[in-house]
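Report on the structure
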Amino acid sequence: MDTDRRGFIKILGAGSTGLLTTGAPLAANSSQEKLIGNIDTHVFKDSQLETDVLVAGGGMAGVCAAIAAARNGAKVILIQNRSRLGGNGSSEIRMHILGANNHTMTQNWRETGIIEELKLTEAATNPQRSFEMWDLVMYDKVISEPNITLLLDTAVIGTTVSFDKIVKVDAISPLLEETYTIKAKHVIDCTGDASLAAAAGAKYMRGREGKQVFGESLAPDQTDNKTMGNSIMFFAKQHDGPMSFEKPAWAKTYTQKDFKHRRIGSYEYGYWWIEWGGELDTIHDNRQIRQELLSIVMGVWDYIKNSGEHPDSTNWALDWVGMIPGKRESRRVTGDHIMIQQEMEAQEMYHDRVSYGGWPMDDHPPEGMDRTDQSPYRSIKFEKPYNIPLKSLYSTNIKNLWMAGRNISASHVAFSSTRVMATCAAIGQAAGTAAAFSVKYNLSNNGIVKDVDLLQKFQQKLLFDDQSLLNIQNTDPLDLAKNATISASAETSTGRAVSIIDGWNRDVLDGQTHQWQAPIEGKPQWIELDWKDKVEISFIQITFDSGLNRLLYLTGQDNQYKKQIRGPQPETVKDFDIQYYANNQWYDLEQVRNNYLRLRRFTFKPIKLEKIKIQVHNTQGDNLARIFEVRCYA
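On a predicted model such as this, the values are computed, not experimentally measured, just so you know. (Residues numbered from 1 in each chain as written. Predicted model: local features only at pLDDT ≥ 70, side-chain atom pairs only at ≥ 80, totals over all residues. Heavy atoms only, no water.)

Considerations on the pattern of salt bridges
What counts here: Just to be clear on terms, a salt bridge is a Lys or Arg side-chain nitrogen sitting within 4 Å of an Asp or Glu carboxyl oxygen. Strands are runs of DSSP state E lasting at least two residues, helices are runs of H or I lasting at least four, and both sets are numbered from the N terminus onward. Each residue gets one of three labels from its accessible area relative to the maximum for its type: buried under 20%, exposed over 50%, partly exposed in between, using a 1.4 Å probe on protein chains only.
Scanning the model with the defined rule gives 37 salt bridges in all. Aspartate 193 is the salt-bridge partner of lysine 327, the closest N and O atoms lying 2.9 Å from each other. Here aspartate 193 lies in the loop between β9 (178-189) and α4 (195-199) and lysine 327 lies in the loop between β14 (316-321) and β15 (331-333), a separation of 134 residues in the sequence. Across the pair, exposure class does not vary: lysine 327 and aspartate 193 are buried alike. A single salt-bridge network, built from bridges that share partners, covers Arg71, Glu117, Lys141 and Glu145.

With respect to the side chain of threonine 51
Note the cut-off: Side-chain atoms alone can form a polar contact between residues adjacent in sequence; in general such a contact is a pair of N or O atoms within 3.5 Å, and within protein one must be able to donate a hydrogen while the other accepts it. It only takes one pair of heavy atoms within 4.5 Å for two residues to be counted as in contact.
Turning to its location among the elements, threonine 51 is positioned in strand β4 (residues 45-56). When its relative accessible area of 9% is taken as the criterion, threonine 51 is described as buried. A polar contact of 3.5 Å, which involves the side chain of threonine 51, links it to the backbone oxygen of valine 53. In this view, threonine 51 contacts Lys75, Val76, Ile77, Ile182, Lys183, Ala184 and Lys185; residues no more than four positions away in its chain are not counted.

Re the nonpolar core
Operational definition: Buried residues of nine kinds, namely Ala, Val, Leu, Ile, Met, Phe, Trp, Tyr and Cys, make up a nonpolar core once their side-chain atoms join them within 4.5 Å.
Leu118 and Ile188 are the most contacted members of the largest nonpolar core, which has 100 residues in total. At twelve residues, the largest contribution of residues to this core is made by helix α9 (residues 421-440). Those residues within four positions of isoleucine 188 in sequence are excluded, and the remaining contacts are Val53, Leu54, Val55, Ala56, Ala65, Trp402, Met403, Ala404, Ala431, Gly432 and Ala435. Ala481, Ala518, Phe544 and Leu589 belong to the second largest nonpolar core, which has 36 residues in total.

Let's talk about the environment of tryptophan 250
Note that tryptophan 250 resides in the loop between β12 (234-238) and β13 (275-276). Remark: the alpha-carbon pair of tryptophan 250 and histidine 42, spanning 208 residues in sequence, is separated by 42 Å. In contact with tryptophan 250, other than residues within four places in its own chain, are Gln291, Leu294, Ser295 and Met298.

Some words on the side chain of lysine 305
With respect to the secondary-structure elements, lysine 305 resides in helix α6 (residues 286-306). A polar atom in the side chain of lysine 305 sits 2.7 Å from the backbone oxygen of tryptophan 316.

Remarks on the pairing of strand β23 (residues 525-544)
Using the following cut-off: DSSP calls a pair of strands paired once it identifies at least 2 bridges connecting them.
With 14 of 20 residues buried, β23 is to be regarded as a mostly interior element. Pairing analysis gives four bridges linking strand β21 (residues 485-488) to β23, with the strands arranged antiparallel. Bridge assignment links alanine 488 to a residue of β23, and that residue is isoleucine 527. Where β23 lies against strand β26 (residues 599-619), 14 bridges are found, and the strand directions are antiparallel.

Take a look at the structure:
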């Protein structure tokens, strides 16, 4: 095998099946050359696949990356090593999905784009708050994209790299007894652990950088290999009568002093501070970490039930305990830029900004529940969101490798904020769109940032796809709506009709609403776009208000559920019609009922017209018709 830096094969662990024993290509019918651990894989079907973009990892970042790449014209293969999508947000782990709009920062910064589409769909279709139904929402969105091939129960086990590019990815599905050799033009690592990137020889960081590395005040004094630990969640249910609990012999024992810094609140949803493993290797020691976390969960529940300190728990019983630890931290891939604390605090306006974050710099001690005498977290909040640059989303030395999720190019301190799932999902949309752009223009992963005009075009495409960017507005020259005269049946003093073409599609806290508003008082309200001369249009896009000033996420925690509006968001337009005017006559174009989404798109055969009218009949509960933006294209 050629071991030169410009042409080599890297091998990953394949879980219980061991390691590939040869770096040579696997012969189709050779049992001696097709060994994975002790499994004679000549019985496995061997599939050869090709695609534009391969996404490894089906958590929130991977789901959004795959959908974004597919909707931007790329053929996509999405590999997920579990039977369901969602990662830490799935029914297997059940962490709730938060991001820039959080409990400690001024609201209004909920991420838009694909993650908003997913959240709005779940809220409207899952009033029973079932995490399994959330799994189904993500599954439906992915398999409904014709450009995506989804490989569930499939793990990446190796890569082939040539001339600093990944040319092949090897994967296996023991469940299907199938191996895959996948050729891809661009690869996105959304594995969380950066497993594919590490296998490809990408440069990466691990542990905590000391103060001397980046000059961060929140960094430890010395560099070390410690990380945040993992957590296992639990659900509990209240019954009509007493429910006993006897802890296993292997469970931990806790006393009142262990909860001085850890609040036991309501019982229905477990506690994030059940955390452990940061002093170990959160990848290779995962089996040990899981066992220790289960012993902690059982010990905490035993304390709640049997210590006498929580008599109101008498009728409560465990309903579900996770068996997969929710992982916070492992590898971070080195990009052309490494995000650091000072840039986030200064809200650095990177010229290549493609997303934003706003969760506090929320660091947890590596010892976790081994140190109950100290606080389980340190949280430094932001007053405003910060930007995330494209140069932190691709590998600096593997030229067709992207990363999205908690493995992006950031210091440990910066990562303590960027790691949360809604932020990771928006990063995934940016990376997926960038990979599709790079395929379209035949670029390496740094090609977009090298071309000023293409970078601006790329940022405009993100805005078009409802990815919010700080201080960047719609200036798309192809948007014909900007040339129209805007009028309406009514408008409020703060919600002028012309706002739908002002370039902003959300409230950006600048004192303006950036939306048309009209009172719904038992009669429809309409807004109209009028062109002086006929224009040819085949595409209309409308952005509605979906209540971005509120939290919205699936959670098992009742007190957080009560702070939300579950179901369609009341500000959203529910029933509306689109009409067009041509040849001195109005024609019906679209009729939409029971809408609950923020972004709606309509494609049709080109029509030469003079006017477009959007007539709003009802909202999902608000007394104002609200539209942020209307776009029209030939």
